[in-house]
Amino acid sequence: MKTKALFFDIDGTLVSFETHRIQQSTVEALTAAKARGVQIYIATGRPLSIIHNIGQIETLIDGYVTTNGALCLKGQEVIARHAIPWSNVETMVEAATACDFPVIIVGESRCVVHNFKDQVDRIFRVGLGVDNIDYSESIDDIRGEDILQMTPFVDETEEQQLMSLLPSCISGRWHPEFTDLTSKEADKGRGLQAMAFHEGFHISETMAFGDGGNDIPLIRAAGIGIAMGNAGTGLKAVADYVTTSVDDDGIARALRHFQVID
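My aim in this report is to walk through the structure given alongside it, one point at a time. Small disclaimer: the values here were computed from a predicted structure and weren't measured.

Turning to the overall build of the protein chain, a few remarks are in order. Tallying secondary structure elements over the protein chain gives eight helices and 13 strands in all. Looking at the 262 residues of the protein chain, the share that counts as buried comes to 54%. For the protein chain, the share of sequence-separated contacts (at least 6 apart) that also reach a separation of at least 24 residues comes to 59%. Accessible surface for the protein chain amounts to roughly 11100 Å². Of this, 48% is attributable to carbon and sulfur atoms. When the 21 positive and 37 negative side-chain charges of the protein chain are each reduced to one mean point, those points stand 6 Å apart.

In structure tokens, the structure reads:
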């Protein structure tokens, strides 16, 4: 069946961890797909406020699955929104204080950091180029907003202990030093499904690309799920196809393989 919609993770899929840019081959491939009438969607763990590294293709994008599916947008229209209960947010803040780890709390308007540590700056500003989080702001500055995601800086063992305290949340890890927590109603796969239902295309007409653990629901949900060559083994195991890496024309090669473009 003809592919009508493409869904892309950002970090490690569209954007290189090495160059922090989108390969020119990817820009050209997505431009060609768009010219054929294929819709292009972002499916990312990033909240909208820190999606700042896809300017090369911004004009091609039809919609956004953000914060791992907690907020899905088509233009200004909200397609899906799933907030974390404040009781779970308060539990997270208490745990971060007691166990002395930092956590990014994502509200509707912006991100704040509770119990800031240098690793937040090292990973987000230096490593991912996110330079618009005001470390002086606190949870009180977004109190009353829907909380879409929480990102605690914990290892996998600590994550398991933490999740036992948060019955309304699920975890999607894509980095060894932190994980993203969202409402149980939200993941990238459900975001893809919500967008497909809203736009009227069948799941079999979708193709998705990813590289991290939080992309597993996306890859499973898509008509064709593609793992980047730099993806982890867990994601590759559930993918329909493994392409080359983000730095080796992975997206362009896969789109040609499946004849989405010439």
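In the structure shown here, the tally under the stated rule is 18 salt bridges. The salt bridge involving Glu-137 is made with Arg-110; its shortest N-O contact spans 3.0 Å. Within this pair, whereas Glu-137 is found in the loop between α3 (118-127) and β8 (149-152), its partner Arg-110 is found in the loop between β6 (103-106) and β7 (111-114), the two being separated by 27 residues in sequence. According to the relative accessible area criterion, Arg-110 is partly exposed, its value standing at 27%. Between Asp-215 and Lys-188 there is a salt bridge, with its nearest N and O atoms 2.6 Å apart. Placement of the pair is Asp-215 in the loop between β11 (206-210) and α6 (216-221) and Lys-188 in helix α5 (residues 188-199), with a sequence separation of 27 residues. Just as Asp-215 is buried, Lys-188 falls in that class too. Overlapping salt bridges bring together Asp-9, Lys-188 and Asp-215 as one network.

For Asp-215, a relative accessible area of 0% gives the class buried. When the C-alpha positions of Asp-215 and Glu-58 are compared, they lie 21 Å apart, and in sequence the two are 157 residues distant. Beyond its immediate stretch of four places on either side in the chain, Asp-215 contacts Asp-9, Ala-43, Lys-188, Gly-210 and Leu-235. Among the polar contacts listed, one links the side chain of Asp-215 to the side chain of Lys-188, at a separation of 2.6 Å.

Looking now at the side chain of Arg-173. Its location among the elements puts Arg-173 in strand β9 (residues 169-175). At a separation of 2.8 Å, a polar atom in the side chain of Arg-173 contacts the side chain of Glu-159. Arg-173 has contacts with Val-154, Asp-155, Glu-156, Glu-159, Phe-178, Thr-179, Gly-212, Gly-213 and Asn-214, leaving out every residue within four places of it along the chain.

The next subject is unusual backbone geometry. For His-20, which is not glycine, the phi torsion reads 60° and is therefore positive. Structurally, the position occupied by His-20 is in the loop between β1 (5-8) and α1 (24-35). Relative accessible area serves as the criterion here: at 37%, His-20 is assigned to the partly exposed category. Despite not being glycine, Gln-259 has its phi angle at roughly 60°, a positive value. Mapped onto the fold, Gln-259 is located in the segment after α8 (250-257).

Basis of the calculations
Residues numbered from 1 in each chain as written. Predicted model: local features only at pLDDT ≥ 70, side-chain atom pairs only at ≥ 80, totals over all residues. Heavy atoms only, no water. Helix = DSSP H or I, 4+ residues; strand = E, 2+ residues; numbered from the N terminus. Buried < 20%, exposed > 50% of the residue type's maximum accessible area, 1.4 Å probe, protein only. Contact = heavy atoms within 4.5 Å. Areas by Shrake-Rupley, 256 points an atom, 1.4 Å probe, with all protein chains shown as cover. Lys, Arg positive; Asp, Glu negative; His and termini not counted. Charge placed at Lys NZ, Arg CZ, Asp CG, Glu CD. Salt bridge = Lys/Arg side-chain N within 4 Å of Asp/Glu carboxyl O. Polar contact = N/O pair within 3.5 Å; in protein donor to acceptor, adjacent residues only side chain to side chain.

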